[in-house]
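Okay, here's what each chain looks like letter by letter:
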Amino acid sequence: MQTKSNPDEIQSYLTDASFIRDGYADRVVLPETIEEISEILAVANRDRIPVTVSGAGTGTVGGRVPFGGIILATDRLNRIKRIVREDNGGYGLAEAGVVLSDFQRAVDQQGLLYPPDPTERGCFLGGTVATNASGARTFKYGPTRNYVQSLKVVLASGEILDLRRGDRSALDVPLPSYHMPATRKNASGYFVAPEMDAVDLFIGSEGTLGVICEVETRLLPKPEGLLSGVVFFENEADVLALVADARAHVDARALEFFDHESLNFLREKYPEIPDKAVGAIFFEHETRAETEESVLNEWMALLDQHHAFPDSWFATNEQDQARLREFRHQLPVLMNEWFARYNQRKVSTDMSVPDEAFSGLFRLYKDTLRDSGLRYTIFGHIGDNHVHVNILPRDDSEATHAWELYLRFLKYAASVGGTLSAEHGVGKLKRDYLRLFYNDDQLREMAALKRAFDPNGILGRGNIFSEELLLEN
Ligand SMILES: Cc1cc2nc3c(=O)[nH]c(=O)nc-3n(C[C@H](O)[C@H](O)[C@H](O)COP(=O)(O)OP(=O)(O)OC[C@H]3O[C@@H](n4cnc5c(N)ncnc54)[C@H](O)[C@@H]3O)c2cc1C
C-alpha cells in the first residue's frame, strides 16, 4: 500500500470541484484491498485520527476535502471483477475506484446498460454511490440507488460488512424518524424509508458512515437504438411548454434545459448555435427497429407544435450522440472554469421540488437573477424539476450578493417541500443550509445514526452536518 505525504504529491487530493481551497491533511493512503482498508480504519479509530474518503474529486460540495487527519484514496481499488449477462439484463461487480466511464464502456461492450450517468463521467463508481449520483437518464431510470444490488463496506472500527439488497441486519441502529421529501430526486442527508435495506443507508452517506469498497450493480439490456437532439427555440415560453408536453406524453429518457445565458457561454465553443436561439433542450429517447420512425415523427410533431428551430441538431448514431452529450457536458465544465478563474467557491443550486412547485421556483430564479446585475446560467435536469442555477461572481462583493440570492432560493425550496440537494450532496459547502430543510431534532437524529456506525466520529468529518452536532450528546 502506497502512502504519500509530500505536500506536492498530496495537493491534488485537497480540493474538488467545489473550489474549497483551504483543505489540509497529514498524508494520503492508497489501499489496494479491502483488508488494507480495514487495517487503516482500525488504527485510525483507535488513535482518533480523522479519515476523509476520496474518490475522483469531481464532487461539487467539498465532500472529499479534508480538514486534518488522513485521506483514504480509492484510486487503486480499480478492478472491474465481473459483468454478467442474464436473460433480461445482468449485473456488474466492480471496486469503488473504477472510473464510471470505464465501467459504462465495459457494460456497453456486453450489450448492457448501466443507467446512472452523471454529466461528469470521470467520477469513480464508489463516489457515485456515496453521493447517490444522478444524471440526464435519471428522468427515466431514477438515481444510482435504484441500481445498487450489494455493497462491501468497511466501518470506522475496521469491521467489514457485506450487504445485499433485502438484507436489513445492519439496520439495528437508531433510524431517523423524518420522511423523505416528495421530490423526484434527493441527495441530502441520510435516507430512510419504511421498506429500506441496509445498503440504502450507505448510498448517499457521503463518506460519513463507512468506506464503500465494492459495488454490485443491476444492469439493463442495452436499448437497440437512440434518438437524441439539441433543439433550439426563439422564445423561452415555448421551451417550457414543450417540456411540460414531453413530460406528459412522451417516454423520453432525458430532458435537459439550457437558458439564454447558458447558450451564450456555449457559443464560445459552439459558434454554430443559431443566433436567435434564447433557449434549448437536450433530449434522448430509446427506440427499437419497429418504433424508430414513430418516435421520430412524435418528436417532430411536438417540436413543430412548440416552434422549435428547424435547423436543430439530431443524432441517431453513437458518434453523433457522443457529440451532443459533449455539448451538454461542456456547460458545467465552463462554469467550473469560471469559478477557478475568479477564485470563487462554487455558487450553484442543486435543489429540486415537487412537480407542482417547480414553475414557482423557476419564476423566482428568473425574476431574481434578471434584476441582480450578476452573471448566471440556468440549465440541467428540468424533466426532474431540477435545474442548476450557477451564479458567477467576479469578486468577493458579487460573491456575497450571490450567496444572499442562493439563500433566498433555498428558503423558497424549503417552503414548498423541496430538497437542498437533488444529486450533488451536502458535503461541507452546503451543510449549514441543511437546517432550512430539517429541524434540530431531525439533525440530531442524523448525528445519532452516524454515531451508531462511527462512535469516534472519524469518518468524513464536517460532511452533512457540523462536528459540533456530533459532540452535542
Ligand atoms: C462538470 C461536472 C458535472 C457533474 N454532473 C453531475 C451530474 O449530472 N449528476 C451528479 O449526480 N453529479 C454530477 N457532478 C458531481 C460529481 O461528479 C458526483 O457527485 C460524483 O458522484 C462524485 O464522484 P467522485 O468519485 O468524484 O467523488 P469525490 O468527489 O471524490 O467524493 C464525493 C463524496 O463521496 C465520498 N466518497 C467517495 N468515494 C467514496 C467511497 N468509496 N466510500 C465512501 N465515501 C466515498 C467522499 O468522501 C465525498 O464525500 C458533476 C461534477 C462536475 C465537475
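Our subject is the structure listed above.
Residues numbered from 1 in each chain as written. Predicted model: local features only at pLDDT ≥ 70, side-chain atom pairs only at ≥ 80, totals over all residues. Heavy atoms only, no water.

Caption draft 1: Structural context of the site of the ligand. Around the ligand, 36 residues are found, and the nearest of them are V53, G55, T58, G59 and S134. Contacts to the ligand include G57, whose backbone N or O atom sits 2.9 Å from an oxygen atom. One of the backbone nitrogen or oxygen atoms of G127 is found 3.4 Å away from an oxygen atom of the ligand. Protein coverage of the free-state accessible area of the ligand, which is 980 Å², stands at 97%. For the shell around the ligand, the elements supplying multiple residues, two or more each, are β3 (51–54), α4 (125–130), β10 (211–221) and α10 (318–341). Top element by residues in the shell around the ligand is α4. It accounts for four residues. Across the shell around the ligand, the residue classes break down as twelve nonpolar, 20 polar and four charged. (Near = heavy atom within 4 Å. Polar contact = N/O pair within 3.5 Å; in protein donor to acceptor, adjacent residues only side chain to side chain. Areas by Shrake-Rupley, 256 points an atom, 1.4 Å probe, with all protein chains shown as cover. Helix = DSSP H or I, 4+ residues; strand = E, 2+ residues; numbered from the N terminus. Nonpolar A, V, L, I, M, F, W, Y, C, P; charged D, E, K, R; others polar.)

Caption draft 2: How the structure looks around the sheet that holds strand β12 (residues 254–258). Overall, antiparallel pairing links the six strands, which are arranged β14-β11-β13-β12-β15-β16 in an open sheet. Across the chains shown, the open sheet's two edge strands, defined by having one partner strand only, are β14 (313–315) and β16 (386–392). Each adjacent strand pair in this sheet contributes to an overall mean axis angle of 10°, direction not counted. Relative to β16, strand β15 (residues 375–381) is paired through seven bridges, and the arrangement is antiparallel. Of the residues in β16, the one forming a bridge with F379 is H388. Each of β12, β15 and β16 touches helix α11 (residues 358–370); the most contacted strand, β16, lies at about 15° to it. (Pairing = 2+ DSSP bridges. Axes fitted to C-alpha atoms, helices over the stretch in contact; angles between N-to-C directions. Contact = heavy atoms within 4.5 Å.)

Caption draft 3: Layout of helix α9 (residues 292–305). Helix length check: α9 (14 residues) gives 20 Å between terminal C-alpha atoms against 20 Å at 1.5 Å per residue, within 8%. As for α9, its buried residues are in contact with β11 (225–233), α7 (236–249), β12, β13 (279–287) and β14. Residue H307 follows α9 closely and has a positive phi angle near 60°. (Expected span 1.5 Å × (residues − 1).)

Caption draft 4: How the structure looks around a nonpolar patch on the surface. A cluster of nonpolar residues, L296, M300 and F314, forms a patch on the protein surface that exposes about 220 Å² of accessible area. Counting through the fold element by element, F314 comes out in strand β14. Given the relative accessible area of 32%, F314 is considered partly exposed. (Patch = residues over 30% accessible without salt bridge, like charges linked within 9 Å, V, L, I, M, F, W, Y side chains within 5 Å. Salt bridge = Lys/Arg side-chain N within 4 Å of Asp/Glu carboxyl O. Buried < 20%, exposed > 50% of the residue type's maximum accessible area, 1.4 Å probe, protein only.)

Caption draft 5: The arrangement of α10 in detail. Taking 1.5 Å of rise per residue, 24 residues should cover 34 Å, and α10 covers 34 Å from first to last C-alpha, within 8% of that figure. Considering bend angle alone, the principal kink of α10 is centred on Q330 and spans about 25°; proline P332 follows within four residues of it. The backbone nitrogen of Q319 lies 3.2 Å from a side-chain oxygen of the residue at the head of α10, namely N317. Remark: N343 follows α10 within two positions and exhibits a positive phi of approximately 55°. (Bend = angle between axes of the 7 residues up to and from the residue.)

Caption draft 6: Layout of the state of the cysteines. All told, the structure shown has zero disulfides when counted by the stated rule. Here C123 is not cross-linked by a disulfide; its sulfur's nearest cysteine counterpart is in C213, at 18 Å. Residue C123 is classed as buried on the basis of its relative accessible area of 8%. (Disulfide = S-S within 2.5 Å.)

Caption draft 7: Structural view of unusual backbone geometry. With a phi close to 65°, F19 is a non-glycine residue in the positive phi region. The residue F19 is located in the loop between α1 (7–10) and β2 (27–30) in this model. Here F19 falls in the buried class, since its relative accessible area comes to 15%. One non-glycine residue, I464, lies in the positive phi region at around 70°. Within the fold, I464 resides in the loop between α13 (440–453) and α14 (467–472). The class for I464 is buried, based on a relative accessible area of 0%.

Caption draft 8: The nonpolar core, seen in detail. By size, the foremost hydrophobic cluster in this structure holds 125 residues, and its most contacted members are L151, F202, I281 and W299. Excluding residues that lie within four positions of it along the chain, W299 makes contacts with L227, A246, V250, A252, L255, I281, F283 and H285. Of all hydrophobic cores here, the second largest spans 17 residues; its members include V53, V154, A156 and V211. (Core = buried A, V, L, I, M, F, W, Y, C linked by side-chain atoms within 4.5 Å.)

Caption draft 9: Summary view of the packing of helix α8 (residues 260–267) against α10. Where α8 meets α10, the closest approach of the two axes is 10 Å, and the angle between their N-to-C directions is 85°. One element, α8, and the other, α10, form an angle in the roughly perpendicular class. Of the residues in α10, those in contact with S262, L263, F265 and L266 of α8 are F327, Q330, L331, L334, M335 and W338. Here the residues of the contact of α8 with α10 sort into eight nonpolar, two polar and no charged. (Parallel < 35°, antiparallel > 145°, perpendicular 65-115°, else oblique.)

Caption draft 10: Main features of the pairing of β16. Most of β16 is tucked away: seven of the seven residues are buried. Here β16 shows a buried face lined by H386, H388, N390 and L392 and a second buried face lined by V387, V389 and I391. In this structure, the hairpin formed by β15 and β16 is closed by a connection of four residues, where N385 is found at a positive phi of approximately 55°.

Caption draft 11: Here's a closer look at the pairing of strand β8 (residues 148–154). For β8, a buried count of five out of seven residues is recorded, marking the element as mostly surrounded by other parts of the structure. Bridge count between β8 and β10: six bridges; the pairing is antiparallel. The residue bridging V148 from the neighbouring strand is T217, located in β10. Bridge analysis of β8 against strand β9 (residues 160–164) gives five bridges, and the strand direction is antiparallel. From the neighbouring strand, L151 faces β9, where its bridge partner is L163. With antiparallel pairing between neighbouring strands as the criterion, β8 and β9 make up a hairpin whose turn holds five residues, including G158 at a positive phi of roughly 105°.

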